Amino acid sequence: MNTFPSKLDLSTEFAGRRALVTGGSRGIGAAVAQRLLDAGARVVLTARSRHADTPAGATFLEGDLGSEAGAKAVGAQALAALGGLDILVNNAGGTRVHLPNSEAISDAEWVDSLNLNFLAAVRVTYAVLGALREATSASIVNVSAGGVLPMGGAVAHYAAAKAALNNFSRSLAKELAPARIRVNIVTPGAVITPGGDAGREVLTKAIGLTKEQLFARLPLGRPGRADEVAEMVAFLVSPRGEWITGHNHYVDGGYAELVG
Ligand SMILES: NC(=O)c1ccc[n+]([C@@H]2O[C@H](COP(=O)([O-])OP(=O)(O)OC[C@H]3O[C@@H](n4cnc5c(N)ncnc54)[C@H](OP(=O)(O)O)[C@@H]3O)[C@@H](O)[C@H]2O)c1
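Residues numbered from 1 in each chain as written. Predicted model: local features only at pLDDT ≥ 70, side-chain atom pairs only at ≥ 80, totals over all residues. Heavy atoms only, no water.

Can you tell me about helix α3 (residues 107–134), naming the residues and giving the values?
Because each turn of an α-helix spans 3.6 residues, side chains separated by three or four positions in sequence point in the same direction. Taking 1.5 Å per residue, 28 residues should reach 40 Å; α3 reaches 40 Å between its end C-alpha atoms and fits that length. Of all the bends in α3, the greatest, near 50 degrees, is centred on L119. (Helix = DSSP H or I, 4+ residues; strand = E, 2+ residues; numbered from the N terminus. Expected span 1.5 Å × (residues − 1). Bend = angle between axes of the 7 residues up to and from the residue.)

As structure tokens, this is what we get:
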């Protein structure tokens, strides 16, 4: 028996749902915010600044997730704007590339990376968890990163922070399952975004490859698009994903399983 209203018409799937997308001003976060808006959600997105592709239909909340105070403020202000929360997408993240190796990463850079790529998700989650507990079908997606180990020491701080995010997500999924709050990880591979492109520019130069040569190494032979990652996030936070929690879902053109 099909218990879903319609698997074919997804255009109102998120009607009445309230979502917070961190790092939603560009790249993958902007695509996620737009995808949720397109299916009827009310969306608050947050970043330090607007960009050209920041979705106009969302409420923009300016905030820096690099500190405890900034992350907590983002959570509180999002709840005030939406009057509750059903969907949290902890997407903000990124890294600088440190050459020639991890010895070039200063202590301050380690702290900054842990703050942005790991603790921001922890802090925002706890700032909104009370509201998620009150929602009927709440869901969290944490955006991680794959293929970072093969990049070696140049992004060791980023790889370590994302590994912490993965383990936190699994602990939280187990803890919150009895409350019917689902927690999943989405791990993009090489996706064309302003942040992803900037990092790859430095890395490919350092290893003597062109970007095209790097992308040709992916099993599906091309980089990903932000909307392809957004589609996975939308599936997981939708009613179609209601029996899925605690997993890491790769959207990476086959890289992690077939190459990495
Ligand atoms: N693109 C890829 O190839 C790739 C691969 C693996 C994983 N990922 C992950 O996917 C997520 C999105 O990456 P992306 O490629 O879309 O990056 P992006 O193009 O650099 O976008 C990052 C977003 O996060 C925001 N942000 C950055 N630092 C912030 C801070 N301190 N406080 C608040 N917001 C901040 C940015 O806005 P502001 O700068 O204006 O604040 C922007 O909205 C990240 O978690 C990244 O690690 C991406």
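What follows continues from the structure just given.
Report on the pairing of strand β1 (residues 18–22), specifying residues and quantitative values.
Taken across its 5 residues, β1 has 5 buried, putting it largely inside the fold. The two faces of β1 match: R18, L20 and T22 on one face and A19 and V21 on the other face are all buried. Where β1 lies against strand β2 (residues 42–47), 5 bridges are found, and the strand directions are parallel. Paired with L20 across the bridge in β2 is V44. Following the backbone out of β1, through helix α1 (residues 27–38) and into the adjacent parallel β2, one traces a crossover that is right-handed. Pairing of β1 with strand β4 (residues 87–90), which is carried by 3 bridges, proceeds in the parallel orientation. (Buried < 20%, exposed > 50% of the residue type's maximum accessible area, 1.4 Å probe, protein only. Pairing = 2+ DSSP bridges. Right-handed = clockwise from strand over helix to strand, strands pointing away.)

How would you sum up the site of the ligand? Please name residues and give values.
Taken together, 33 residues are adjacent to the ligand, and S25, R26, N91, Y158 and T193 come closest. At a separation of 2.9 Å, an oxygen atom of the ligand approaches a polar side-chain atom of R200. When residues of the shell around the ligand are traced back to their parent elements, those giving at least two are α1, α4 (156–176) and α5 (194–207). The element that contributes the greatest number of residues to the shell around the ligand is α5, accounting for 4 residues. The residue makeup of the shell around the ligand, split by class, is 12 nonpolar, 16 polar and 5 charged. (Near = heavy atom within 4 Å. Polar contact = N/O pair within 3.5 Å; in protein donor to acceptor, adjacent residues only side chain to side chain. Nonpolar A, V, L, I, M, F, W, Y, C, P; charged D, E, K, R; others polar.)

Any details on the sheet that holds β4? Residues and values, ideally.
Read from one edge of the open sheet, 7 strands run β3-β2-β1-β4-β5-β6-β7, paired in parallel fashion. The outermost strands of the open sheet, each flanked by one partner alone, are β3 (59–62) and β7 (248–251). On average, adjacent strands in this sheet sit at an angle of 20 degrees to one another, irrespective of strand direction. Along the sheet, α1 makes contact with β1, β2, β4 and β6 (182–188), crossing β1 at roughly 170 degrees. Sitting on the sheet, α3 is in contact with β1, β4 and β5 (139–143), with an inclination near 180 degrees to β4. (Axes fitted to C-alpha atoms, helices over the stretch in contact; angles between N-to-C directions. Contact = heavy atoms within 4.5 Å.)

Tell me about the environment of L10, residues and numbers included.
Position of L10 relative to the elements: it lies in the segment before β1. Spatially, the C-alpha atom of L10 lies 6.6 Å from that of A39, the residues being 29 residues apart in sequence.

Quick one: what's the story with the pairing of β6, residue by residue and with numbers?
Of all the 7 residues making up β6, 7 are buried; the element is thus mostly covered by neighbouring parts of the structure. Sheet analysis places β5 next to β6, joined by 5 bridges and oriented parallel. Counterpart to I140 in the pairing with β6 is V183. Across 4 bridges, the pairing between β6 and β7 is parallel. Paired with T187 across the strands is Y250, a residue of β7.

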